[in-house]
Amino acid sequence: MAEENTGLSNLLHEERHFPPSDEFARHAVAGAELYDQAKSDRLGFWADWSRKLLTWDTDFTETLDWSDAPTASWFVGGKLNAAYNCVDRHVEAGNGDRVAIHFEGEPGDTRTITYSDLQREVNKAANAFADLGVGAGDRVAIYMPMIPETVFAMLACARLGAPHSVVFGGYSADALNSRILDAEAKLVITADGGYRRGAPSSLKPAVDDALASGAPSVTNVVVVRRTGEEMTMTEGRDLWWHDVVDSASDQHACEAMDSEHPLFILYTSGTTGKPKGIVHTTGGYLTQCAYTHKNVFDLHPESDVYWCSADVGWVTGHSYIVYGPLANGATQVMYEGTPDTPHKGRWWEIVEKYGVSILYTAPTAIRTCMKWGEDIPAKYDLSSLRVLGSVGEPINPEAWIWYRHVIGGDRTPVVDTWWQTETGAIMISPLPGVTDAKPGSAQVPLPGISADVVDDEGDPVPDGGGGYLVLTEPWPSMLRGIWKNPERFKETYWSRFPGIYFAGDGAKKDEDGDIWLLGRVDDVMNVSGHRLSTTEIESALVSHEKVAEAAVVGAADATSGQAVVAFVILRGTASDSGDALVKELRDHVAHEIGGIAKPRRILVVSELPKTRSGKIMRRLLQDVAENREVGDASTLADSSVMDLIQEGLKTAK
Ligand code: WTA
């Protein structure tokens, strides 16, 4: 791959570097010595952090048991309760009055939840769920909007040792049904709905449909009243949260769970149609969530206000809204709605209002804000921000620079964090007080993590080379398997390169050995025998001043194998979309990368098809690029986008 990949010059010649300021480095939680400590005794390093960050009921006797590889056991023999670690111990330590969650509802309603409040709410929910027959090992499906009860419900499950399976509220009834069936959930927690784009968006009717399709394991549904919309309650099955939880006792003695007790299942899509139930357990997962949240975001829990804009329905919400921040006793903002409701400055208004100091979001959100224009964030006081994080997809250097400049006032470190549902927590990322940051690169495995880039044979590539990202040593928050499917677990992650974990991402090492993520390997194109990364061409397009967002696909071509087709959204101020602009953009790509990467076609569109988690669905764009009928668009956040794109292209012709 290395030799063939002719097109990475623009990424690998990124010359802008951003070292932390002396001031930041002086007060940083994590210093460079962490790398040395981890190197000299990796397992000892993890054992120390685990004991330092968590409260164990029974100490562990062995740090890692890898004898049953690829299923790991971490902190063997130890016992702890995840909810106790996220809630009770902070109250016991005298921090009960510290705000755990500043909740901001989309309509503007707010709630302030201290750690003492959280303890009462979680205890009540745990008692209520136990009364409904939920005990250790039983699965609970959670299908909720972004409201505090979602966090209470997850922690109540953790308290009881009942693995939760959170299903993102944007999924359909069918998707919910298949996840409930696969996990054989006993209880479903939901709400009448939540607020999105200025209106109530219902959830309970989808639960009714999901259960009507048959879900024999479910005995009860607990429903939070959020929007007050009318809906049907099924007698004997459905119960109001305010009836069963509010009346329950706020005292609950929790039991310590084995370190390897399953904490949750989270379904994620793979290369096949059937989603995979990724299983995470307690001790290792919580250790790495707390460790990464503290060190990567430079968390000072007594003074920081942290905000992760993800939905709790994704792994980012699990690890960086619930388990990481709460284990660390952080104060955080939780926002229910969309960034442009009621106006496009909502996020920045929230940053100003709560004095947010650490912001963790996705490149797609950053590029959307770029599209809206920098005059919007400029209206707000963002001076409280100290650290900015990015996750979910490769961040192109221009978006990185914009994020640091416009949002971070050229002051804040930006941490580009690479990880996956499967890895449970951040794996590759700069440390904000240590790393000389390079826009667009996640750079280095965190202390204690071993990653590499290998070629087709599984041999590490030299600096300057490209190939596949692999993880070469087990890590505490690694998935313990795929629910009820051990074969698929081995086959998906451990068979491509025996003995090491195959992440499914393409990557390059630059001349300094820093890692650049290039997108899923399935997004790699082959144009006239040259391998090109979709990410790289997108990055080149977005570096043009008139482009806000770009998606690139490889369209089948009889001569060259694949041809590059680009879809671009122009910035708010750019109005021209004619031939001259298309030529300008093609030339720009040629200039940035080389003639080989020059898109065959560039289509100017007003929207891109994205899943509810913000990932661009290239498959659908590929259908357009190849003049085919557009395939299944049911997982799009907005299913009308494809019609809009096609209409727009017709009129443009
Ligand atoms: C991609 C989200 C580049 C990658 C936490 C990975 C990234 C997939 C980054 C996992 C990043 C995530 N740079 N690519 N910083 N972070 N990805 O399971 O392709 O929703 O394999 O987990 O997102 O997505 P998932």
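Everything quoted here is computed from the prediction, not taken from an experiment.

Asks: What exactly am I supposed to notice about the domain arrangement of the protein chain here?
Replies: As a measure of interface size, the accessible area lost when the parts come together is often cited. Assigned domains of the protein chain: these are domain 1 (22–507) and domain 2 (528–651). One C-alpha centre belongs to domain 1, the other to domain 2, and the line joining them spans 31 Å. On the side of domain 2, 16 residues touch domain 1, which itself brings 16 residues to the contact. Carbon and sulfur atoms supply 54% of the area buried between domain 1 and domain 2, which totals about 1,300 Å² over both sides. Scanning the region where domain 1 abuts domain 2 turns up zero salt bridges. Between the two partners, domain 1 and domain 2, sit two residue pairs in polar contact (both at pLDDT 80 or more). Among the elements that line the side of domain 1 that touches domain 2, the one with the most residues is helix H14 (residues 363–372), at five residues.

Asks: How should I be thinking about the pairing of strand S6 (residues 140–143) in this particular structure?
Replies: Two faces, one strand: in a regular strand the side chains alternate between the faces of the sheet. Here S6 shows two buried faces, one formed by Val-140 and Ile-142 and the other by Ala-141 and Tyr-143. Pairing geometry for S6 and strand S7 (residues 164–166), over three bridges, is parallel. Bridging across to S7, Ala-141 finds its partner in Ser-165. Between the parallel pair S6 and S7, the chain is carried across by helix H7 (residues 148–160), and the sense of this crossover is right-handed. Pairing of S6 with strand S8 (residues 187–191), which is carried by four bridges, proceeds in the parallel orientation. Note on S8: the bridge partner recorded for Val-140 is Leu-187.

Asks: What is the right way to look at the nonpolar core in this model?
Replies: One recurring pattern in soluble globular proteins is that nonpolar side chains are buried together. If you look at the biggest cluster of nonpolar residues, it comprises 138 residues, and the most contacted ones within it are Leu-118, Phe-129, Leu-155, Ile-189, Trp-241 and Tyr-323. The dominant element in this core, judged by the number of residues it contributes, is H7, at nine residues. Among all residues touching Ile-189, those that are not within four sequence positions of it are Phe-129, Val-140, Ala-141, Ile-142, Tyr-143, Met-144, Ala-153, Val-222 and Trp-241. Counting residues in each nonpolar core, the second largest holds 30 residues, with Cys-369, Tyr-380, Ile-395 and Val-414 among its members.

Asks: Would you mind showing me how to read the sheet that holds strand S5 (residues 110–114) here?
Replies: Strand pairing in a sheet takes place through backbone hydrogen bonds and is either antiparallel or parallel in direction. Reading across from one edge, S5-S4-S17-S16-S18-S19-S20 is the order of the seven strands in this open sheet, with mixed pairing throughout. Two strands close off the open sheet at either side, each with one partner strand: S5 and strand S20 (414–417). Taken pair by pair, the neighbouring strands of this sheet meet at an average axis angle of 20 degrees, ignoring direction. With four bridges joining them, strand S4 (residues 99–104) and strand S17 (residues 331–335) adopt parallel strand pairing. Paired with Ile-101 across the bridge in S17 is Gln-332.

Asks: Any chance you could explain the state of the cysteines here in plain terms?
Replies: Two cysteines form a disulfide when their sulfur atoms are joined by a covalent bond. Taken as a whole and judged by the stated rule, the model has zero disulfides. Cys-289 takes part in no disulfide bond, and the closest cysteine sulfur to it belongs to Cys-86, at a distance of 8.7 Å. Just so you know, Cys-308 is unpaired, no disulfide at all, and the nearest cysteine sulfur is the one on Cys-289, 11 Å from it. Cys-308 sits in the buried class, given a relative accessible area of 3%.

Asks: Got a minute to help me understand the packing of H14 against helix H15 (residues 397–407) in this structure?
Replies: Packed helix pairs are characterised by how far apart their axes lie and by the angle those axes make with each other. Two numbers describe how H14 lies on H15: the axes approach to 10 Å, and their chain directions differ by 70 degrees. By the angle between their directions, the pair H14 and H15 is classed as roughly perpendicular. Residues Ile-366, Arg-367, Cys-369 and Met-370 of H14 lie in contact with H15, whose contacting residues are Glu-398, Ala-399, Trp-402 and Tyr-403. Across the contact of H14 with H15, the residue classes tally to six nonpolar, no polar and two charged.

Asks: Would you mind showing me how to read the sheet that holds strand S23 (residues 481–482) here?
Replies: Read from one edge of the open sheet, eight strands run S12-S11-S8-S6-S7-S14-S15-S23, paired in mixed fashion. Each having just a single partner strand, strand S12 (238–240) and S23 make up the two edges of the open sheet. One ladder, built from two bridges, connects S7 with strand S14 (residues 262–268); its direction is parallel. The residue bridging Ser-165 from the neighbouring strand is Ile-265, located in S14.

Asks: Teacher, can you tell me more about the environment of Leu-469 here?
Replies: Checked against the element boundaries, Leu-469 lands in strand S22 (residues 466–471). For Leu-469, a relative accessible area of 0% gives the class buried. Each C-alpha atom of the pair Leu-469 and Val-351 lies 35 Å from the other, and the pair is 118 residues apart in sequence. Contact partners of Leu-469, with chain neighbours within four places excluded, come to Trp-418, Ile-428, Asp-452, Tyr-501, Phe-502, Ala-503, Asp-505, Ala-507, Ile-515 and Leu-517.

Asks: In this structure, what is going on with helix H5 (residues 82–95)? I would like to understand it.
Replies: Since there are 3.6 residues in each turn of an α-helix, residues three or four apart along the chain are aligned in direction. Along its length, H5 shows its largest kink, about 40 degrees, at Asp-88. Of the residues that open H5, the one with a side-chain oxygen 2.9 Å from the backbone nitrogen of Ala-83 is Asn-81.

Asks: For this particular structure, what's the right way to read the packing of helix H3 (residues 33–40) against helix H4 (residues 42–53)?
Replies: The contact between H3 and H4 brings their axes to 5 Å, and the two run at 120 degrees. Judged on the interaxial angle alone, H4 and H3 are oblique. Residues Leu-34, Gln-37, Ala-38 and Ser-40 of H3 lie in contact with H4, whose contacting residues are Arg-42, Phe-45 and Trp-49. Looking at the contact of H3 with H4, its residues break down into four nonpolar, two polar and one charged.

Conventions used here
- Residues numbered from 1 in each chain as written.
- Predicted model: local features only at pLDDT ≥ 70, side-chain atom pairs only at ≥ 80, totals over all residues.
- Heavy atoms only, no water.
- Domains from an automatic or database assignment.
- Contact = heavy atoms within 4.5 Å.
- Buried area = accessible area lost by both parts, 1.4 Å probe.
- Salt bridge = Lys/Arg side-chain N within 4 Å of Asp/Glu carboxyl O.
- Polar contact = N/O pair within 3.5 Å; in protein donor to acceptor, adjacent residues only side chain to side chain.
- Helix = DSSP H or I, 4+ residues; strand = E, 2+ residues; numbered from the N terminus.
- Buried < 20%, exposed > 50% of the residue type's maximum accessible area, 1.4 Å probe, protein only.
- Pairing = 2+ DSSP bridges.
- Right-handed = clockwise from strand over helix to strand, strands pointing away.
- Core = buried A, V, L, I, M, F, W, Y, C linked by side-chain atoms within 4.5 Å.
- Axes fitted to C-alpha atoms, helices over the stretch in contact; angles between N-to-C directions.
- Disulfide = S-S within 2.5 Å.
- Parallel < 35°, antiparallel > 145°, perpendicular 65-115°, else oblique.
- Nonpolar A, V, L, I, M, F, W, Y, C, P; charged D, E, K, R; others polar.
- Bend = angle between axes of the 7 residues up to and from the residue.

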